[in-house]
Structures are given as C-alpha cells and as structure tokens.
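Given next are the chains, with one letter for each unit.
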There are 2 protein chains.
Amino acid sequence: VSGLSYRDTGVDVAAAERFLTAIEPLVRSTHGPEVVHHPSRFAGLVRLPGGTSIAAATCDGVGTKTRHARAATDYEGLGIDLVAMSVNDLLPLRARPLLFLDYLGSGRLDPARLQAAVRGIVAACRRGHCALVGGETAELPGTYPEGTVDMVGFAVGLVDESDLPDPSSMAPGDVVVALPSTGLHANGFSLARAALFIHGGLDAESPFPGSDLTLGDVLLTPTAIYVDEVLTLMDRARVKSAAHVTGGGLLGRARAMLEPGLAMRLDPDAYEIPEIVELVRTTAGVPWSEMASTFNMGLGFLAVVPEGDAAAGEEAGWMRVGEITAGAGEVDLGYA
Amino acid sequence: VSGLSYRDTGVDVAAAERFLTAIEPLVRSTHGPEVVHHPSRFAGLVRLPGGTSIAAATCDGVGTKTRHARAATDYEGLGIDLVAMSVNDLLPLRARPLLFLDYLGSGRLDPARLQAAVRGIVAACRRGHCALVGGETAELPGTYPEGTVDMVGFAVGLVDESDLPDPSSMAPGDVVVALPSTGLHANGFSLARAALFIHGGLDAESPFPGSDLTLGDVLLTPTAIYVDEVLTLMDRARVKSAAHVTGGGLLGRARAMLEPGLAMRLDPDAYEIPEIVELVRTTAGVPWSEMASTFNMGLGFLAVVPEGDAAAGEEAGWMRVGEITAGAGEVDLGYA
C-alpha cells in the first residue's frame, strides 16, 4: 500500500505517543490522593473536598481546521468546533458540563474573525449547557504568521463518583451504540488538506460531488455537540464505557475502550461513512487502516451498553453498530 | 514623547479592549444563576451545586516570551511561567489551586523542547499545589512556522463564597502591600524584544550589565509563583482586593483594582524597578507611562489591607508600597 499517510503530512502520531509515555511519571508526581485515575482517559478527574463530587477537566484545540477558513464568518463554525472538542470529551465520564474558557491566538487581532469565533463559542456553550466564564485573546506577532490562528478550549464538568462509568464491567455480548458524526469534525485536517488540495489538486471552491456545496463548506461543517444525547442515554441505560471519537480516529478510540480479554466488532452496514471521508480516501489512495486511524468514519461518539439496554439506546436515537466479543483488543471494522 | 510604544511592535491593546467590550453581552448570555460576577475579573467564577463552594477558572499563555528560548532546556523556565500565569490569577479571588492543564502548540513536535516544558510545568504545579491532570500537545504544520511554539495554561481553584475578597470595602487609608516580581515575568515581551534587539541592536548573548549573565538569561527568568505568599497573607490579614500584575502592567492592574471614589498612591522608593525594566526603558526611550502600562515595574502582586493589618502583611514578607486615597481612579506611581 503506497497511499498518503498522516506521517507524510508532517504529523507524527507515534512521536506524540512516545512523548506522552515519557512524561507520564512526571505528570503523576503532581497527583495527590484527590486525583482519580479512570481507565477512560479523556478527562482529568479531581475529587472536590467534602463530598462525592468530582471535577472533570478537558483541553483541546481544533487543529489545522482553522486553515480552511476563507471568510471571517467561517470562524463561527470553528467556535462551535472548539467547544465541541472539549465538552464532548467530558461525556465519557458522565460529567455534566459546568464551564468553558477559550484561548484565541493570532499574530494580529482581527476583530471580525474573533467576534465570529466568539459567536460560535457562545452558541455552542448554550447547546452544551456550560457557562463561558473567561478566556484569553492573545496577539503574538512573530509566533503566528499573518493569517494563521490557533484556538484552544478548556472545559470543566462535574460527576458524582458513583456515576462514573465502569469499563471493567464490559463483557462479551455487550452492545455498541453510536451517534453519527457531522463529517470530519476537527480531526485529521492535515491529512485531508494534503489529500484533497495537494494530491488531488482540488480547492475550497471546488464543487462537492452530488450537492450545491463547495468542498470548503463541507470541510468546515461544525462538530456535533453530544451533551444532551449522551447524558440522556446515561440516564436511561447502563453505559459501561464511552468514547468521543477524535484523535486516533475510530480505530484508535475503539481500541482504547477495550479492557483486557475483549475485542469489538462493528457492522460496516450499520452506519454511513460520510462522503467527505470517501472523497479523501479515493482522491489520494489513503489506505483504509490509515483512514480509520485518523478519521471518525461517520461515528462521532460510541457507548457500550448491556444487551438488555440496547433497545433503550435505540429509542433515545442511538444507532446499534456492533458488539463486544472475547478477544485480545482487536477492533474489526469490516474494512480496516 | 517619541519613544517606542507597544502599538509600534504590532500589539494593539486598545483594539483588544474594544473586542472584549463588543463580546461582553454575548458572553453574558451563557451565564445562568450559577455564575458569580465579582469585580476582580481575573478568574471566571461558578457556584458548585449543593454548598457554598465556588470554582474559579483561569486561562493564560506566556505570550511571545517563547521567542526568546534559545535551547530546548529554556522551555523548562517557560513551563514555570505558564503555570504561574494561570495559577497566580486564581489568587486575587482567594481560590486555592486545584488542577492545571496545558496546551503546547507547534508546527513539528520537538520532544526535547516539549519534555523540558513539561518538567517546568510539573515543578510549578508542585510549588502551586495543583495537580496536572491533562493537556494537549498539538502538532499543527502550517499554523506554526518551524521553530515557533505557543503555550496555553488553564487552572481551576476553589474558594468558599464567604471568603471572596470584597473590594467594595476598600477605603481611603487602606494600605497597599506587594510582592516583588522576578523580572518581566511573561508580559510585554513584544515591546522588550523590539526595544532591546531591534532598536538597541543587542542580542540574547549580549552581557547583562553588572552581572555574569547574558541578556537572554535575564529575559527568561521564570515568573514567580505566589500561591503560598498570597494564601498566607489572606489567612493573616483582611485582604480587600488583590491583583496579579500582568497584562496592562502595574498601572493598568492598579487602576482596575480601584472602586469609584478611590485612588492609589504608590511610593517609588518602596520597591526596586528591575534592571531589565530599566534597560528596556533607556535603550529605546520608552516613555514611563508606556513602561508602567506594559510591565510590572518590579511588583508582581498587589494586595489592599486595612492599616491595622499592614504589620501582619510585613511580617509575612510583603512590602508596604502605598496607600488608598480618595480620588477618581488615579494611580500615582511617582514616575508615570
């Protein structure tokens, strides 16, 4: 297989993983007994004094999706992405969003662009039920070249210790339910850009096949905010483990959910791979395994429930997409 | 006066303030009754359910100080700066640091540089008594040119509602006490760089007058972490208002502390202006008012206490630097 890979685009996922392994003991040295180590490592967890409440904290950016913005108004969607990336990461822990802060860094303050971003952040905070209580708008000439922006979000949520999902209770026969993504969300944009724009010779104004939209419009579709859907499912079903499908793609996130002795089989006919994902794959001949390790492949959020709760999940609008089996950590997508 | 100003270096503080004013109503639209609006706006405050505990959240970066790093090991100090900038901002609210998250953005992951940054972050989290519970290391080719890095920090602390300082209790005759800064901390680096390197023709290896250090060493001195000193003062004295002296400089932060009908007079003989600040001023002829609106001028943290508590402050190691008077928001530094 000789298609384009993420490594070719200048993003070294393996190096990032080595870095995280190297710093782990250092990071742990700051942890007192108040820090809770949960197998689902999407959020940091700290017990609050005098009770059973736990604060969950997350931090994420929107990656190089910002480079696809053409007009100032495109930053409104990027603001939604920013909130989604952090707030959705609270949900695998069943943490209810409490507050959000944003950091917008650029070389020169562009009020139209930044106000659009804040409009999106505000709309998304309302949808995610969290208060926007601060942030920083940094003007750093020299760090950012003219026109580039980085956006970073930070969310805090609350969960009662007894409500934390218990991945160790997962067992063969459990059902995987999922929510559809709205497209690429905010991951894999360096690969998508290289595949479509450099390898494929397309640009933001290229028509998107089978629609009235441009490729730029489709790429910039904001990330879904899953707060209501996930918390409702968790009220109605016993969710044993859950994942927001982001960095590492569907394959990486699904693998990370598995406890020793388990595997996951997903039914490729149970959900649709977004056309934008197919376009990236076919334009640059990206191998399926690379695609599924980079993109969400159409599934934005996964949850594992007992068979007896699968119907409740489907009634709450979730798709039944697969099952937990005995195994050694394999994830079988049917195509990668 | 025709000396160098911050505006000349590409940083438009007035535009930033207009932006903040423009977004204020939008931001407020996300605030339910759980959000606490305190006159000291360093941190966002949200009441936790079922009690009197309040979460305080802050976000800040280290600005263009990163551009002064020469070797990977210099990032260790920048990691300390990063924690200091967010954690010190919790302290004016008397919030006890609980957790910290970092975001490190660059074009290409440089493990030596990033591991040094994490070493500094970890050391500073220990000094500030907060757990490093997460973060994001983003590799964004295209957003960041080779060699540039942005560092963003987020901190959460806790304060009981009854312990929040009450700035409305400030009155003429109250005393201003302060802690010394270690140098420029992490503010005003675009101006310092322009003054020293461009206007003055100096470079990082230039000897720093009267010492064995280079100019680069002095510029990179890490920001002080004031957690222990401030919380101890707040235990021993009635602190009515406090400020971490960052963006806006000593003048801007002191002005922002004042309630209507009050002014502040600081004694220029009560503290020392750091030599690096003097070097920036004299090298480029920066006006005193511009200096004091950009740099901390040697005072890293301010607190207002009643006259009767000033001695307790001095015993706790704070400098007595000035007083609150009747007035209309004037801050008299004796030189700007």
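Thresholds applied
Residues numbered from 1 in each chain as written. Chains lettered and ligands numbered in written order. Predicted model: local features only at pLDDT ≥ 70, side-chain atom pairs only at ≥ 80, totals over all residues. Heavy atoms only, no water. Axes fitted to C-alpha atoms, helices over the stretch in contact; angles between N-to-C directions. Helix = DSSP H or I, 4+ residues; strand = E, 2+ residues; numbered from the N terminus. Parallel < 35°, antiparallel > 145°, perpendicular 65-115°, else oblique. Left-handed = near helix turned anticlockwise from the far one by under 90°. Contact = heavy atoms within 4.5 Å. Nonpolar A, V, L, I, M, F, W, Y, C, P; charged D, E, K, R; others polar. Buried area = accessible area lost by both parts, 1.4 Å probe. Salt bridge = Lys/Arg side-chain N within 4 Å of Asp/Glu carboxyl O. Polar contact = N/O pair within 3.5 Å; in protein donor to acceptor, adjacent residues only side chain to side chain. Buried < 20%, exposed > 50% of the residue type's maximum accessible area, 1.4 Å probe, protein only. Arc of directions from axis to C-beta. Phe/Tyr/Trp six-rings, centres within 6.5 Å; stacked < 30°, edge-to-face > 60°. Pairing = 2+ DSSP bridges.

Asks: What should I look at first to understand the packing of helix α1 (residues 13-28) of chain A against helix α3 (residues 111-127) of chain B in this one?
Replies: To characterise two packed helices, one gives the angle between the axes of the helices and the distance between these axes. Between α1(A) and α3(B), the least distance of the axes is 10 Å, while the angle of their chain directions is 15°. With respect to each other, α1(A) and α3(B) are oriented roughly parallel. Two packed elements cross with a definite hand, and for α1(A) against α3(B) that hand is right-handed. Touching Phe19(A), Ala22(A), Ile23(A), Leu26(A) and Val27(A) of α1(A) are Leu114(B), Gln115(B), Val118(B), Arg119(B) and Val122(B), all from α3(B). When the residues that make up the contact of α1(A) with α3(B) are grouped by side-chain class, the tally is 8 nonpolar, 1 polar and 1 charged.

Asks: Please clarify how the environment of Ala55(B) should be interpreted in this entry.
Replies: All names here are of chain B. Here Ala55 shows up in strand β3 (residues 53-61). Put simply, Ala55 and Val35 are 20 residues apart on the chain and 9.7 Å apart in space, counted from C-alpha to C-alpha. Discounting chain neighbours no more than four positions away, the residues touching Ala55 are Gly44, Leu45, Val46, Leu48, Val156, Gly157 and Leu158.

Asks: Please clarify how the interface of chain A and chain B should be interpreted in this entry.
Replies: Size of an interface: often given as the accessible area lost when the parts come together. Tallying the contact residues gives 69 residues for chain A and 68 residues for chain B. Interface area for chain A against chain B, summed over the two sides, is near 5400 Å², with a carbon-plus-sulfur share of 71%. Considering only the surface of chain A that becomes buried against chain B, Phe19(A), Thr30(A) and Thr143(A) emerge as the three largest contributors, covering 11% of it. Where chain A meets chain B, there are 0 salt bridges. Where chain A packs against chain B, one counts 12 residue pairs in polar contact (both at pLDDT 80 or more). Among the secondary structure elements, those contributing two or more residues to the side of chain A that touches chain B are α1, β2 (44-47), β3 (53-61), β4 (96-106), α3 (111-127), β5 (131-139) and β6 (149-160) of chain A.

Asks: For this particular structure, what's the right way to read helix α10 (residues 307-315) of chain B?
Replies: Residue and element names in this part refer to chain B. All buried positions along α10 are accounted for by Asp309, Ala310 and Gly313. Looking straight down α10, one finds its buried side chains confined to an arc of 125°; they lie on one side. In α10, the exposed residues that point more than 90 degrees away from the buried face are Gly308 and Glu315. Elements that come into contact with the buried residues of α10 comprise β7 (175-180), α6 (227-236), β10 (299-305) and β11 (319-326). Once α10 ends, the next one or two residues include Gly317, with phi positive near 95°.

Asks: In this structure, what is going on with the packing of aromatic side chains? I would like to understand it.
Replies: Tallied over the entire structure, the rule returns 8 aromatic pairs over all chains. Here Phe154(A) and Phe154(B) contribute two aromatic rings whose centre-to-centre distance is 4.3 Å and whose plane-to-plane angle is 10°, an arrangement assigned as stacked. Of the two residues, Phe154(A) sits in strand β6 while Phe154(B) sits in strand β6 (residues 149-160), which places them in two different chains. For Phe154(B), a relative accessible area of 0% puts it in the buried group. Connected via pairs of aromatic rings, a cluster forms that spans Tyr226(A), Phe301(A) and Trp318(A).

Asks: For this particular structure, what's the right way to read the sheet that holds strand β4 (residues 96-106) of chain B?
Replies: Paired through backbone hydrogen bonds, the strands of a sheet run either parallel or antiparallel to each other. Residues and elements named next belong to chain B. On the basis of which strands lie adjacent, the open sheet formed by 6 strands has the order β1-β2-β3-β6-β4-β5 and mixed pairing. Of all strands in the sheet, those with a lone pairing partner are β1 (35-36) and β5 (131-139), marking the two edges. Here strand β2 (residues 44-47) pairs with β3 via 4 bridges, running antiparallel. Note that in β3 the partner of Leu45 across the bridge is Ala56. In the packing of helix α2 (residues 74-90) onto the sheet, contacts are made with β3, β4 and β6, and the angle to β6 comes to roughly 35°.

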